[in-house]
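Topology and contacts: notes
What follows is each chain in one-letter form.
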Amino acid sequence: MSDRNDELFDRARAVIPGGVNSPVRAYGSVGGAPRFLASAQGAYVTDAADTTYVDLVASWGPALLGHAHPGVVGAVQDAASRGLSFGAPTEAEIELAALIAERVRVGAAAPVERVRLVSTGTEATMTAIRLARGYTGRDLLVKFSGHYHGHSDGLLAAAGSGVATLALPGSAGVPAPIAAQTLVIDYNDLDQVREVFSVHGDRIAAVIVEAAAANMGVVAPLPGFNAALADIAHAHGALLILDEVLTGFRVHPAGYWGLQQEAGERYTPDLFTFGKVVGGGMPLAALGGRADVMDALAPTGPVYQAGTLSGNPLSVAAGIATLRLATPAVYARVDAAASTVAAALHDALENAGVVHSVPRAGSLFGVAFAAEAPRSYAEATAQEAWRYPAFFHAMLDAGVSLPPSVYEAWFLTAAHDEEALAQVLAALPAAARAAAAA
Ligand code: PMP
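Residues numbered from 1 in each chain as written. Predicted model: local features only at pLDDT ≥ 70, side-chain atom pairs only at ≥ 80, totals over all residues.

Looking at an unreviewed UniProt entry, one finds the protein named Glutamate-1-semialdehyde 2,1-aminomutase and attributed to Microbacterium caowuchunii. UniProt lists a comment for the protein under the heading Sequence similarities (unreviewed entry), and it reads "Belongs to the class-III pyridoxal-phosphate-dependent aminotransferase family. HemL subfamily." UniProt, in its Subcellular location (unreviewed entry) section for the protein, records the words "Cytoplasm". (UniProt positions renumbered as here; feature names shortened; annotations may be inferred.)

What follows concerns the overall build of the protein. Within the protein, the secondary structure is distributed over 14 helices and 15 strands. For 438 residues, the compact-globule estimate of 2.2 N^0.38 gives 22 Å, and the C-alpha radius of gyration of the protein, at 21 Å, lies within 12% of that figure. Summarising its shape, the C-alpha atoms of the protein cover approximately 55 × 55 × 50 Å along the three principal directions. By sequence separation, contacts in the protein at least 24 residues apart represent 75% of the contacts at least 6 residues apart. (Helix = DSSP H or I, 4+ residues; strand = E, 2+ residues; numbered from the N terminus. Rg over C-alpha atoms; globule rule 2.2 N^0.38 Å. Contact = placed C-beta atoms within 7 Å.)

Core analysis: the largest hydrophobic core is formed by 142 residues, its most contacted members being A132, A206, V207, L239, I241 and A286. The element contributing the most residues to this core is helix 11 (residues 328-351), with nine residues. Residue contributions to this core reach at least three from each of two domains, namely domain 1 (3-64 + 327-437) and domain 2 (72-325). Ignoring any residue separated from it by four or fewer positions in sequence, one finds I241 in contact with A128, I129, A132, A206, V207, I208, P269, L271 and T273. (Core = buried A, V, L, I, M, F, W, Y, C linked by C-beta atoms within 7 Å. Buried ≥ 20, exposed ≤ 12 C-beta atoms within 10 Å, placed from the backbone. Domains from an automatic or database assignment.)

Further remarks concern the site of the ligand. Lining the immediate surroundings of the ligand are 15 residues, of which G121, T122, G150, V245 and L246 lie closest. Ranked by the residues each element gives to the shell around the ligand, the list is headed by helix 4 (residues 121-136), at three residues. Among the residues making up the shell around the ligand, the classes are represented as five nonpolar, eight polar and two charged. (Near = placed C-beta within 6 Å. Nonpolar A, V, L, I, M, F, W, Y, C, P; charged D, E, K, R; others polar.)

Let's shift gears to helix 3 (residues 91-103). Since the α-helix packs 3.6 residues into each turn, any two residues three or four apart lie on the same face. Taking 1.5 Å per residue, 13 residues should reach 18 Å; helix 3 reaches 19 Å between its end C-alpha atoms and fits that length. By the burial criterion, the buried members of helix 3 are E93, L96, A97, I100 and R103. Buried residues of helix 3, seen end-on, are gathered within an arc of 135° and therefore sit on one face of the element. Facing away from the buried surface of helix 3 by more than 90 degrees, the exposed residues are E91 and A98. Elements that come into contact with the buried residues of helix 3 comprise strand 4 (114-118), strand 11 (271-274), strand 12 (285-289) and helix 10 (313-325). (Expected span 1.5 Å × (residues − 1). Arc of directions from axis to C-beta.)

Here we take up the environment of L421. Structurally, the position occupied by L421 is in helix 14 (residues 418-437). On a C-alpha basis, the gap between L421 and Y148 in space is 29 Å, while along the polypeptide they are 273 residues apart.

On to the sheet that holds strand 1 (residues 37-41), then. Within the open sheet, the four strands sit side by side as 1-2-3-15. Their pairing is mixed. This sheet does not close on itself; its edge strands, each paired only once, are strand 1 and strand 15 (400-401). Pairing between strand 3 (residues 52-55) and strand 15: two bridges, direction parallel. The residue bridging D55 from the neighbouring strand is S401, located in strand 15. (Pairing = 2+ DSSP bridges.)

Below, the discussion takes up unusual backbone geometry. With an omega of 10°, the peptide bond running from A298 to P299 counts as cis. Relative to the helices and strands, P299 is located in the loop between helix 9 (291-294) and helix 10. Positive phi outside glycine occurs at F249, with the angle close to 65°. Along the chain, F249 falls in the loop between strand 10 (239-244) and helix 8 (255-262).

Rendered as structure tokens:
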């Protein structure tokens, strides 16, 4: 435990609620003072006490190339020298929008015809939902339990009691009538999808789904699930919003959708949301999709959305540089690093006699203290989550920074070389024993 981090945490709590600007950073579920980071380079982060860790958080996903990649930092510095924000269109925004559209393409399937740039994933999903409602003239939204799409009111809805009941607020401050516009059902359960559509089908504007769930731990969609969602939604005149904020441009050049297309699971979402990697570590996110739907956005259409800093030149420069540098070789490296760590994680827990699984979706993986990889929120939360704090702190003590919650994915980057991976592998056996003893 580092005194400097403790001291900063005390100071932070006096001026910032809980000492952090986003809740999970507070180490709430693992205990202790969060590490206040001073710098990051490649696969490593360094805290305020000058301790360096191998980082498996990667800023919660964006740092696909590793932290502070010179090609990205240089692009941002160049852009900064030309001005920080204009509030007017720029040529670079066209380039980034076109890059996104070009990448989300497999064979003849090119479902992203128009792109709008925003600043956060929350804005992207909030806008996609408003757009789906405006386009269909319907109000209801279907979402899955345990899926996170940002913190806008209608998305902080918790499941009501029955399958076809309307949801309750999942946060203080969310009006019940707004939460009631969201129908929350279990993930990977097509019977519930069919039932909710059979009851409310003509009032449902859209289904929103994480392309692969990664905010309740990693829970991949069962084979055929995403494609069936598209079919069912479309049969009822509703849209499918594929949330690729976390998976987009991280697991494959064309996102999780691209991975699924290549595996033969063909389907066409109407709208996509992107964030994290697409901004290369700067505040940038996007929504994209069918031209006729996207053109319902202002100024061409009646659905309003705007942003003073939307398409910010520094963020756009970081996004373009990141996507240009994210070559197939980068994805191959990240996949290989993920396989190495996932296999070692399994071996360490197995040897320590800890009941576990290592759920995986493309290069995303994590740990679950349950014998089978969870398929739903109920299964994810039934695991022995209380084993994680001891595991997490043993890794941290050995110089490896994991996400401070068992319900988060571990993120690797193209900068995790042999040396960084060796440090992670060396730390795992003792952490597994700590989990066993918890
Ligand atoms: N959708 C998904 C799938 C996410 O993982 C997140 C953030 N973790 C969001 C939306 C919200 O993005 P942001 O935090 O940028 O608002």
